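Read off the chains here:
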Amino acid sequence: MSVDLNLLRVFVCVATEGSFANAAKQLSIPTSNVSRSIKQLEEQLNCRLIERTTRRMRLTEQGAVLLQQSEKLYHELDETIRQISHPQALSGTLRLTIPSEFGSLLLADLLAQFALSHPKLSLHCDTQLMPLDVISDDIDLLLTFHRGELANSSYHSRLIKSWSSVVVAAPALIKRTGMPETLTQLANMPCISSLSALQGQPWIFINKEGQQKKVNINSQYRVNSGILANAAAISGVGYAILSYEGCKTQIEQGKLVVVTFKDQQPAPIELRAVYASRSALSPKIEAFLNHILQCV
């Protein structure tokens with residue numbers, strides 16, 4: 001289906017201005033031309049976009065959807081043109097969500113450096129433990145810790161950094177329960193899992209062929225914090241999956257013991273940038289991703 005983008009611009013102006021007359025003034029064209037353009041666009045799309053009477057107008061359901069998507073399209077087009085004309089002068093607003101706790105520590109300086117490099121760009125950064133929906137919550141970019149495959153295939157993601165993970169336990173706990181040799185045995189041991197982060201309870205392992213296996217473990221202690229999980233593992237509350245980097249010192253000191261399994265290892269924890277599927281990223285998102293990939 002071929003759509004005249006000039007007609008689409010007229011539609012966006014009518015919808016945002018609230019009337020054909022106001023749109024005509026904004027576009028500096030006769031009101032009759034505005035009406036003709038909307039009619040032609042409706043014919044091209046084979047649907048009614050605007051319900052109009054002598055007193056008022058309102059968007060149809062199809063018109064509301066078209067407006068929402070068209071505004072994004074023209075906003076990104078205008079931003080791209082500005083970026084081409086002034087490569088260093090990013091403007092507008094970049095809305096980010098980053099994971100709380102370790103994410104803030106990891107990204108704090110990086111975010112400040114990016115803000116200083118682009119003074120005309122408004123940076124709105126929220127910290128949330130649970131990932132938000134990058135479409136419905138109007139977020140440009142979501143940075144989130146993740147294990148395994150993304151559940152929503154309608155999103156694109158880019159790997160920022162990966163940390164190897166290990167199953168660990170306190171020596172006293174291993175003495176009490178015995179060393180688990182299989183994932184089935186581990187599933188019946190007391191374990192420490194996330195409450196809602198990282199998709200909740202199942203643990204994900206990867207074999208030599210790269211295939212993933214989810215293990216539903218026995219967990220009465222569930223927390224949304226790597227710090228709490230680490231402390232609980234050292235105290236002997238349960239077995240835990242932690243990033244090796246985060247518990248390396250405790251392993252070297254003998255406070256934690258690494259538990260290994262034949263042909264299976266915990267999936268690495270990844271920091272991923274998640275964004276809605278688009279044919280091309282907006283310049284502000286592309287610039288931020290390039291910045292973070294260079295700095296992390």
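These remarks concern the structure in this document. Please read all numbers here as calculations on a predicted model, not as lab measurements. (Residues numbered from 1 in each chain as written. Predicted model: local features only at pLDDT ≥ 70, side-chain atom pairs only at ≥ 80, totals over all residues. Heavy atoms only, no water.)

On to unusual backbone geometry, then. One non-glycine residue, serine 28, lies in positive phi territory at about 60 degrees. Assignment of secondary structure puts serine 28 in the loop between α2 (20-27) and α3 (31-45). For aspartate 263, which is not glycine, the phi torsion reads 65 degrees and is therefore positive. Assignment of secondary structure puts aspartate 263 in the loop between β13 (257-259) and β14 (264-266). Given a relative accessible area of 38%, aspartate 263 falls into the partly exposed group. (Helix = DSSP H or I, 4+ residues; strand = E, 2+ residues; numbered from the N terminus. Buried < 20%, exposed > 50% of the residue type's maximum accessible area, 1.4 Å probe, protein only.)

Turning to the environment of leucine 94, a few remarks are in order. Positionally, leucine 94 belongs in strand β3 (residues 92-98). If we ignore the near neighbours within four places in the chain, the residues touching leucine 94 are Phe114, Leu121, Ser122, Leu123, His124, Asp140, Lys284, Ile285 and Phe288. (Contact = heavy atoms within 4.5 Å.)

Here we come to the nonpolar core. If you look at the biggest cluster of nonpolar residues, it comprises 23 residues, and the most contacted ones within it are Leu107, Leu141, Leu143, Phe288, Leu289 and Ile292. Listed by contribution, the elements that provide at least two residues to this core are β3, α5 (102-117), β5 (141-146), β6 (155-163), β15 (269-276) and α10 (283-295). The residues touching phenylalanine 288, leaving out its near neighbours within four places in the chain, are Leu94, Leu96, Leu110, Leu111, Phe114, Leu141 and Leu143. In terms of nonpolar packing, the next biggest core, distinct from the first, is built from 20 residues, Leu8, Phe11, Ala15 and Leu41 among them. (Core = buried A, V, L, I, M, F, W, Y, C linked by side-chain atoms within 4.5 Å.)

On to the pairing of β5, then. Burial runs high along β5: six of the six residues are buried. Here β5 shows no split at all, with Leu141, Leu143 and Phe145 on one side and Leu142, Thr144 and His146 on the other all buried. Sheet analysis places β5 next to β15, joined by five bridges and oriented antiparallel. Looking at β15, one finds that phenylalanine 145 is bridged to leucine 271. (Pairing = 2+ DSSP bridges.)

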